Amino acid sequence: VQSRLCRLYPGYSISRMPEGVLGASSALVVANAPQHKENFTWHVDADPALVPPGPWRDAFGTYPNRQPGMPLFVTLLLYLSE
């Protein structure tokens, strides 16, 4: 998926969330899709202003998402079916 996105958006550097952002306990790929009868509402998946102390924050600090010139946090949602 990552290589396809890179071909679709050649003007951007697309990568998975580095371990240094949320720590070693966070997975590179996280699935949290709702299951039958579960209720999910709007929420923030990742916000560079809320990154815990670590290598990422040491390098980039905290900042509002979409700040020009800073890494942009986005969520990619894939629905896979048979």
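Please refer to the structure placed before this passage.
A quick note: this is a predicted structure, and the numbers were derived from the prediction, not measured. (Residues numbered from 1 in each chain as written. Predicted model: local features only at pLDDT ≥ 70, side-chain atom pairs only at ≥ 80, totals over all residues. Heavy atoms only, no water.)

**A few points about the overall build of the chain**
Across its full length, the chain carries 3 helices and 0 strands. Listing every helix and strand of the chain by position from the N terminus yields α-α-α. Counting only residues that meet the buried cut, the chain has 10% of its 82 residues in that class. Of the contacts made within the chain by residues no fewer than 6 positions apart, 33% connect residues no fewer than 24 positions apart. Surface accessibility of the chain: about 7,300 Å² in total, with carbon and sulfur atoms responsible for 56%. (Helix = DSSP H or I, 4+ residues; strand = E, 2+ residues; numbered from the N terminus. Buried < 20%, exposed > 50% of the residue type's maximum accessible area, 1.4 Å probe, protein only. Contact = heavy atoms within 4.5 Å. Areas by Shrake-Rupley, 256 points an atom, 1.4 Å probe, with all protein chains shown as cover.)

**Remarks on the environment of Pro-52**
Positionally, Pro-52 belongs in the loop between helix 2 (19-22) and helix 3 (55-60). Considering only alpha carbons, one finds Pro-52 and Val-21, 31 residues apart in sequence, at a separation of 7.4 Å.

**Brief notes about the packing of aromatic side chains**
Considering all chains together, one arrives at 3 aromatic pairs under this definition. A centroid spacing of 6.5 Å and a plane angle of 75° characterise the contact between Tyr-9 and Tyr-12, whose relative ring orientation is edge-to-face. A connected cluster of aromatic rings, assembled from ring pairs, spans Trp-56, Phe-60 and Phe-73. (Phe/Tyr/Trp six-rings, centres within 6.5 Å; stacked < 30°, edge-to-face > 60°.)

**Description of unusual backbone geometry**
Here the phi dihedral of Arg-66 falls at roughly 75°; this positive angle occurs in a residue that is not glycine. As for its position among the elements, Arg-66 is in the segment after helix 3.

**Side note on the side chain of Asn-65**
Counting through the fold element by element, Asn-65 comes out in the segment after helix 3. At a separation of 2.9 Å, a polar atom in the side chain of Asn-65 contacts the main-chain carbonyl oxygen of Phe-73. (Polar contact = N/O pair within 3.5 Å; in protein donor to acceptor, adjacent residues only side chain to side chain.)

**Focus on a nonpolar patch on the surface**
Side chains of Val-1, Leu-76, Leu-78 and Leu-80 sit close together on the surface and give an oily, nonpolar patch of about 450 Å² of accessible area. Examined against the element boundaries, Val-1 turns out to sit in the segment before helix 1 (2-8). Classification of Val-1 as exposed rests on a relative accessible area of 58%. (Patch = residues over 30% accessible without salt bridge, like charges linked within 9 Å, V, L, I, M, F, W, Y side chains within 5 Å. Salt bridge = Lys/Arg side-chain N within 4 Å of Asp/Glu carboxyl O.)

**Concerning the environment of Phe-73**
Along the chain, Phe-73 falls in the segment after helix 3. Overall, the relative accessible area of 10% leaves Phe-73 in the buried class.

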